[in-house]
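One-letter residues, chain by chain:
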Amino acid sequence: MLNVPIYLDNNATTPMDPRVLEAMLPYFNDKFGNAASRNHAFGWNAEEAVDYAREQVAKLINASPKEIIFTSGATESNNLALKGIFEMYARKGNHIITVNTEHKAVLDSCKHIEKLGGKVTYLEPAVDGLINLEDLEKAITPETIVISVMYGNNEIGVLQPIEEISAIARKHGILFHSDATQAVGKVPVDVQAQNIDLMSFTAHKMYGPKGVGALYVRRKNPRVKVTAQVDGGGHERGMRSGTLNVPGIVGFGKACELCMNEMEEEAKKLSKMRDRLEAELLKVEESYVNGSVEHRLPHVTNISFKHVEGEGLMMGIKDLAVSSGSACTSASLEPSYVLKNLGLDDDLAHSSLRFGLGRFTTDEEIDYAIDHVSKAVNKLRDMSPLWEMFKEGIDLKTVEWQEH
Ligand SMILES: *Cc1c(COP(=O)(O)O)cnc(C)c1O
């Protein structure tokens, strides 16, 4: 028997791997020490555990352990990267380049920086979600201090051309930051080979615990520093104070180790499942994949069903935990800004579903999703006068609706 509801929202968060939980448990009680206590074994044990986790995390992205700054998650890492660079490099310039489909943690940090007098260019990606490298190069000014472009998009899974972007940043002597929250642990990420200077990521999107993440900060060629946004005891090389979340960090390390060992196999398995889900759902009339299908994370697909009402669709698939681009299910009233910024009509943005597969997704669950989504879409359309008009060949855009 299949257990419902079925979880296909792994871009929002992932369940913790039981092996991660097991690694964490001793650090809640027996080994409860403060990693900054230098005078006794309780502190030393905690410090040792943190050091080991720092190595596990660094290894996954081919960094040195000293380049890992532990934070509370990717939101904090993005804040620290952008605000920290803005403060640290104020004498060099005040201009930031980013993209209007970034996560809110990047966009809202940029808005804050604008209030402080900074200048921000928001690049507009093409309809496939990819940025244009010529646009990027044209946006650079002598004042530009950092380019911040996410690795893989959380809504559509699109992978940006990271190496090309970092090459442009290098050529102009500008720092490159990437929010790689959705990519680390899912696809190979290598801060050396890919010339990434700062990178944000988080444990709870890769089968680790919530409330712990990291900012990678390059120490060589160039040596990067960010101004702390949380001041205090001088932890994390002075860039992020506060007693370390030892159990969380231990879990993060274990999660990274598991991804390191299993990522390749897992990506193959998940992309096969995702492709099957997508192919079957595209058999439903008037359904479209959002974003590039060539440059994409292996476990994500985002599909719009034309002439279907988003709220109705979500009601029709109650046993499936997925995300929708429609207003009703999210905190804001607007449909997904990411889809709108790709140029989708409100209509298509509203009727989109994001499927995020994960380590524990099964073929039976995919069967269930295919069946239930297809049926729900067809049922809604059967009841819809709009769909009837569409089928009669009426161009809905030209219809003049009677005002009441
Ligand atoms: C989830 C997510 C974040 C926020 O991470 P938290 O650890 O929850 O703060 C930032 N960026 C992207 C792309 C995400 O998917």
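Up top is the structure these notes are about.
Rules used in this analysis
- Residues numbered from 1 in each chain as written.
- Predicted model: local features only at pLDDT ≥ 70, side-chain atom pairs only at ≥ 80, totals over all residues.
- Heavy atoms only, no water.
- Pairing = 2+ DSSP bridges.
- Helix = DSSP H or I, 4+ residues; strand = E, 2+ residues; numbered from the N terminus.
- Right-handed = clockwise from strand over helix to strand, strands pointing away.
- Contact = heavy atoms within 4.5 Å.
- Axes fitted to C-alpha atoms, helices over the stretch in contact; angles between N-to-C directions.
- Buried < 20%, exposed > 50% of the residue type's maximum accessible area, 1.4 Å probe, protein only.
- Arc of directions from axis to C-beta.
- Patch = residues over 30% accessible without salt bridge, like charges linked within 9 Å, V, L, I, M, F, W, Y side chains within 5 Å.
- Areas by Shrake-Rupley, 256 points an atom, 1.4 Å probe, with all protein chains shown as cover.
- Salt bridge = Lys/Arg side-chain N within 4 Å of Asp/Glu carboxyl O.
- Near = heavy atom within 4 Å.
- Polar contact = N/O pair within 3.5 Å; in protein donor to acceptor, adjacent residues only side chain to side chain.
- Nonpolar A, V, L, I, M, F, W, Y, C, P; charged D, E, K, R; others polar.

**Student:** An account of the pairing of strand 4 (residues 119-123) is needed here, citing residue identities and associated values.
**Tutor:** Note that strand 3 (residues 95-99) and strand 4 share five bridges and pair parallel. Bridge pairing links Thr98 to Tyr122 in strand 4. Note on the crossover from strand 3 through helix 4 (residues 104-115) to strand 4: the handedness is right-handed.

**Student:** Quick one: what's the story with the sheet that holds strand 9 (residues 287-289), residue by residue and with numbers?
**Tutor:** Pairing in this open sheet of four strands is antiparallel, and the strands run 9-10-13-12 from one edge to the other. Each edge of the open sheet carries a strand with a single partner, namely strand 9 and strand 12 (323-324). Alignment of strand 10 (residues 300-305) against strand 13 (residues 352-356), held across five bridges, turns out to be antiparallel. By the bridge assignment for strand 13, Val300 is matched with Gly356. Each of strand 9, strand 10 and strand 13 is contacted by helix 7 (residues 246-281), which is oriented at about 10° to strand 10, the strand it contacts most.

**Student:** Account for helix 6 (residues 162-171), naming residues and giving values.
**Tutor:** Residues of helix 6 that are buried include every one of Ile162, Ile165, Ser166, Ile168 and Ala169, and no others. Seen along its axis, helix 6 keeps its buried residues to an arc of 155°; they face one direction. In the core, the buried residues of helix 6 are packed alongside helix 5 (133-139), strand 5 (144-148) and strand 6 (175-179). Immediately beyond the C-terminal end of helix 6, within one or two residues, lies Gly173, with a positive phi of roughly 65°.

**Student:** Residues and numbers for a nonpolar patch on the surface, please.
**Tutor:** Judged by side-chain polarity, Leu21, Leu25 and Phe28 come together as a nonpolar surface patch covering roughly 290 Å² of accessible area. Within the secondary structure layout, Phe28 lies in the loop between helix 1 (18-24) and helix 2 (41-60). Residue classification places Phe28 among the exposed positions, given a relative accessible area of 53%.

**Student:** An account of the site of the ligand is needed here, citing residue identities and associated values.
**Tutor:** The local shell around the ligand consists of Gly73, Ala74, Thr75, His103, Met150, Asn154, Asp179, Thr181, Gln182, Thr202, His204 and Lys205. Measuring from an oxygen atom of the ligand, one finds a backbone N or O atom of Ala74 at 2.9 Å. At 2.7 Å from an oxygen atom of the ligand is found a side-chain nitrogen or oxygen belonging to Thr202. Protein burial of the ligand: of its 380 Å² of free accessible surface, 88% is covered by the chains. Partitioning the shell around the ligand into residue classes produces two nonpolar, eight polar and two charged.

As far as function goes, none of this settles anything; it's purely spatial.
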